[in-house]
Amino acid sequence: TTMLLKNLIKNFKQGKSDTKIRRISFDSRKIKKGDLFISIKGNKFNGNDYIDQAIKKGARVIVHSQPIKKKKKTIYIKVKDTRESLAKLSSEFYKKKPKNIVAVTGTNGKTSVSDFFHQIFTLQKKKVGFIGTLGFKKNNNLKKRNLTTLDSLSLNKDLSEMRKEGIENVIIEASSHGIHQKRMSHLNFKAGIFTNFSQDHLDYHKTMKNYLNAKLILFRKILKKRATVISDKKIEPFLSIKKISKKKNLRLIDISKELEKIKSIAKGSASEFEITNLAMAIKATKLCGLKEKLAYK
């Protein structure tokens, strides 16, 4: 993929707008001639320390947020938030993505819901993708990964790859870290699922309030108008989810009505937790176009 800078960054007015961008990277070690380098400040490394290395390796454009010394023949773009820019540029660069992308967040059940979603499509012999704790799964081919939610560049690249292979239905596990670090910003989600909420990840978020707010970013900021929210009215944050859905004009589906229907089919062979996760997965597959009678088989 090669893209002109003016097509990658709308309203670019600094001259040299016809510069060809071959790839985007935030890792200076992977930079090649014609790349765009985004300087990200992480917990251990500051991308600004590697800008010179990126230029030596052939970076044509540098996206940064902090003041830096500039060199001739290099295009510099200063932004407020480089993580946000990484997500936006990645989404623009890998523009063609699956039609139906579903995000699932919650303390527990993300992998379970994702697995059910994947199984239902697979049973109907439909192509399906899954990105999460287990790795990157295209139909039945699994690639192991280290993070629950990938960086936004890898995420967009994976989604683009899935689309090229004819996969139009994908579910992504959205961790609170991933949402907070804007790894899923600028993706067009069909739906967002909130499974449940309990104490976890306080080493990162420090308080339960911060932890919940990180998860709610998916609904407050990432989901676009008229997207669907799937949750369970029995969970503690449901009232907050309901308020956000009303304010954002999101369609809210409460799966509690579905549970009895599934319980009668399961006939005591599954726990309440599994039945709830299955109900959420079924709702998501139906939103993606699977017929109800097929989803329940």
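Located above this text is the structure these notes cover.
Residues numbered from 1 in each chain as written. Predicted model: local features only at pLDDT ≥ 70, side-chain atom pairs only at ≥ 80, totals over all residues. Heavy atoms only, no water.

Observations concerning helix H4 (residues 110–123)
At 3.6 residues per turn, the α-helix brings residues three or four places apart onto the same side. For clarity, the threshold we go by: Runs of E in the DSSP output that reach at least two residues are strands. Runs of H or I that reach at least four are helices, and both are numbered from the N terminus. Here the expected length of a helix is defined as 1.5 Å per residue gap, with one fewer gap than residues. Three exposure classes are used, based on accessible area relative to the maximum for each residue type with a 1.4 Å probe and protein chains only: buried under 20%, partly exposed in between, and exposed over 50%.
The end-to-end C-alpha distance of H4 is 20 Å, a good match for the 20 Å that 14 residues give at a rise of 1.5 Å each. When we look at burial in H4, the residues that qualify are Lys110, Val113, Ser114, Phe116, Phe117, His118, Ile120 and Phe121. Positive backbone phi, approximately 55 degrees, marks Lys125, located one or two places after H4.

Here we look at the packing of H4 against helix H11 (residues 272–287)
Here is the rule: Axis angles are defined between N-to-C directions and span 0 to 180 degrees, where every axis is a line fitted to C-alpha atoms and, for a helix, only to the segment in contact. Oblique is the label for every angle not falling under 35 degrees (roughly parallel), over 145 degrees (roughly antiparallel), or within 65 to 115 degrees (roughly perpendicular). Note on convention: the crossing is left-handed when the near helix lies turned anticlockwise from the far helix by less than a right angle, right-handed when the turn is clockwise. The criterion used for residue contact is that any of the two residues' heavy atoms lie within 4.5 Å.
Axis separation between H4 and H11 bottoms out at 8 Å; the angle between their running directions is 50 degrees. When the axis of H4 is compared with that of H11, the two are oblique. Helix-helix and strand crossings are classified by hand; for H4 and H11 the assignment is right-handed. Along the contact surface, H4 presents Ser112, Val113, Phe116, Phe117, Ile120 and Phe121, while H11 presents Glu274, Asn277, Leu278, Met280, Ala281, Ile282, Ala284 and Thr285.

As for the sheet that holds strand S4 (residues 35–38)
We count it as follows: Following DSSP output, two strands are said to pair if at least two bridges run between them.
Read across the open sheet, the four strands follow the order S3-S4-S5-S6; overall the sheet is parallel. Edge positions in the sheet fall to strand S3 (23–25) and strand S6 (75–78), since each has one partner strand and no second. Each adjacent strand pair in this sheet contributes to an overall mean axis angle of 20 degrees, direction not counted. Relative to S6, strand S5 (residues 61–64) runs parallel, the two being bridged by four bridges. Following the sheet pairing, Val63 is matched in S6 by Ile77.

What to know about the pairing of strand S11 (residues 169–173)
Buried residues dominate S11, accounting for five of its five residues. Burial along S11 is two-sided: the residues Asn169, Ile171 and Glu173 and Val170 and Ile172 are all buried. As paired strands, strand S7 (residues 100–105) and S11 are joined by five bridges and run parallel to one another. Paired with Ala103 across the strands is Ile172, a residue of S11. In terms of strand pairing, strand S8 (residues 129–132) meets S11 through three bridges, oriented parallel. The partner of Ile131 across the bridge, within S11, is Ile172.

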